[in-house]
Amino acid sequence: PHIDTAFCKRKGIKVVTLKNKKKILKKITATPELTLGLIIMITRNIIPASKSVLNGNWSRWSFGGLKMLSSMKLGIVGLGRIGSKLAKYASALNMEISYYDPMVNNKKYRKIMQLKELAKNIDILTIHVPHKQKTENLINDEVLSCMKSNSFLINTSRGEIVDWNAVLKHLKNKKLKGVAMDVFDGEFKEDFKKNFKEHPFLNYAKKNSNVILTPHIGGSTIESWQITEMETIKHVINHLNQKKEK
């Protein structure tokens, strides 16, 4: 989203992507790992518990989680590279896993044909789909209204996949017990930083302990950066060598 590919095409500028490099991408596990970490942090109240200790308090009673993960049902929207890795990690924790993905048929997990039906039957909903026109606001008021009370929502894909006003509404009415977002709506737009500080969702997060916001750090490990950057450099060199040969 941060590259004007139409302009590049008109100007004959080669755009390099690792999107279809499955062998390389299989090595990159940073985002599903962060997703699992956010699930644990939001369901177990880790951030408010830690802040309480730093304020000199030593009491567990305000920070009990609702359930163990092994008693919770995980719903995955998008069982591609990242979603399937998360499913594997969650299986090791004995979570019951269902997924919604019209493009995938993985018999290891329970496939739900309708997104609203998935929302009805799980405790935690995680999002792992690309941002396209048809996926914008995929997680909307209609879907969130189907979720059980005290459910959790995790998004490590793209901010545009969710309706932020609807998420805020269901946090306030207690349908959602907690939300963890590693992405934000419009984060790739030029004026994002200017408007971000005034965003209603950010203001809610400042005043409430049941929201975790991180600045799109899903793939942010030095190791994963090195792997992807070296592979990108190889592609650039190969392209330049091909042009030279011509």
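Residues numbered from 1 in each chain as written. Predicted model: local features only at pLDDT ≥ 70, side-chain atom pairs only at ≥ 80, totals over all residues. Heavy atoms only, no water.

### So, the sheet that holds strand β7 (residues 211–213)
No. 1: Pairing within the open sheet is parallel, and its seven strands lie in the order β3-β2-β1-β4-β5-β6-β7. Sheet topology places β3 (110–111) and β7 at the edges, where each strand pairs with a single neighbour.
No. 2: Direction of pairing for strand β1 (residues 73–77) relative to strand β2 (residues 96–100): parallel, over a ladder of five bridges. Its bridge partner lying in β2, Lys73 is registered against Glu96.
No. 3: Of the strands in this sheet, β1, β2 and β4 (124–127) touch helix α5 (residues 81–92), which is tilted by about 170° from β1.
No. 4: In the packing of helix α8 (residues 164–172) onto the sheet, contacts are made with β5 (151–155), β6 (176–181) and β7, and the angle to β6 comes to roughly 140°. (Pairing = 2+ DSSP bridges. Helix = DSSP H or I, 4+ residues; strand = E, 2+ residues; numbered from the N terminus. Contact = heavy atoms within 4.5 Å. Axes fitted to C-alpha atoms, helices over the stretch in contact; angles between N-to-C directions.)

### Let's talk about helix α11 (residues 222–245)
No. 1: With 24 residues, α11 should reach 34 Å at 1.5 Å per residue; the first-to-last C-alpha distance of 35 Å fits that figure.
No. 2: Tucked inside the fold, the buried residues of α11 contact α2 (22–25) and α3 (30–43). (Expected span 1.5 Å × (residues − 1).)

### Let's talk about the packing of α3 against α5
No. 1: Between α3 and α5, the shortest axis-to-axis distance is 9 Å and the interhelical angle comes to 50°. One way to sum up the angle between α3 and α5 is to call them oblique. By crossing handedness, the relation of α3 to α5 is classed as right-handed. Residues Thr31, Pro32, Glu33, Thr35, Leu36 and Ile39 of α3 touch α5, and the partners they reach there are Ile82, Lys85, Leu86 and Tyr89.
No. 2: Each residue belonging to the contact of α3 with α5 can be placed in one class, and the counts come to six nonpolar, two polar and two charged. (Parallel < 35°, antiparallel > 145°, perpendicular 65-115°, else oblique. Left-handed = near helix turned anticlockwise from the far one by under 90°. Nonpolar A, V, L, I, M, F, W, Y, C, P; charged D, E, K, R; others polar.)

### Quick notes on the nonpolar core
Generally speaking, nonpolar side chains in soluble globular proteins are found buried as a group.
No. 1: Ranked by internal contacts, the top residues of the largest apolar core, which has 31 residues, are Ile139, Leu153, Val167 and Phe201.
No. 2: Those elements that provide at least two residues to this core are α6 (115–120), β4, α7 (141–146), α8, β6 and α10 (200–207).
No. 3: Broken down by element, the residue count for this core peaks at five residues, all from α8.
No. 4: Once residues lying within four places of it in the same chain are set aside, the contact partners of Phe201 are Trp164, Val167, Leu168, Leu171, Val179, Phe184, Val211 and Leu213. (Core = buried A, V, L, I, M, F, W, Y, C linked by side-chain atoms within 4.5 Å. Buried < 20%, exposed > 50% of the residue type's maximum accessible area, 1.4 Å probe, protein only.)

### Here's the deal with unusual backbone geometry
No. 1: The phi torsion at Asn150 lies on the positive side, around 65°, for a residue other than glycine.
No. 2: The phi dihedral of Lys174 is positive, around 75°, even though this residue is not glycine.
No. 3: By secondary structure assignment, the location of Lys174 is in the loop between α8 and β6.

### Topic: the environment of Ile46
No. 1: For Ile46, the position within the fold is in helix α4 (residues 46–54).
No. 2: Along the sequence, Ile46 and Lys243 sit 197 residues apart, while their C-alpha atoms lie 53 Å from each other.
No. 3: Discounting residues that sit within four places of it in the chain, Ile46 has contacts with Ile40 and Met41.

### Examining the pairing of β6
Look at any regular strand and the pattern is simple: side chains alternate between the two faces of the sheet.
No. 1: Taken across its six residues, β6 has five buried, putting it largely inside the fold.
No. 2: Pairing geometry for β5 and β6, over five bridges, is parallel. Bridge pairing in β6 places Ser151 opposite Leu176.
No. 3: In this fold, the crossover linking β5 to β6 by way of α8 has right-handed handedness.
No. 4: Two strands pair when backbone bridges link them, and β6 and β7 are joined in this way by three bridges, in the parallel orientation. Bridged to Met181 within β7 is Leu213. (Right-handed = clockwise from strand over helix to strand, strands pointing away.)

### Some thoughts on the environment of His235
No. 1: Looking at where His235 falls in the secondary structure, it is placed in helix α11.
No. 2: For His235 and Met147, which are 88 residues apart along the polypeptide, the C-alpha to C-alpha distance reads 44 Å.
No. 3: Excluding residues within four positions of it along the chain, His235 makes contact with Val16, Leu18 and Lys21.

### Points about the packing of aromatic side chains
Aromatic rings in a pair are described by how distant their centres are and how their planes are angled relative to each other.
No. 1: Enumeration according to the criterion identifies five aromatic pairs in this entry.
No. 2: Plain terms: the ring middles of Trp164 and Phe184 are 4.3 Å apart, the flat faces sit at 35° to each other, and that makes the pair tilted. Note that Trp164 is positioned in helix α8 and Phe184 in the loop between β6 and α9 (192–196), a separation of 20 residues in sequence. You'll find Trp164 and Phe184 in the same group, each marked buried.
No. 3: Note on Trp164: relative accessible area 6%, which makes it buried.
No. 4: Grouping aromatic residues by their ring pairs yields a cluster made of Trp164, Phe184, Phe192, Phe196 and Phe201. (Phe/Tyr/Trp six-rings, centres within 6.5 Å; stacked < 30°, edge-to-face > 60°.)

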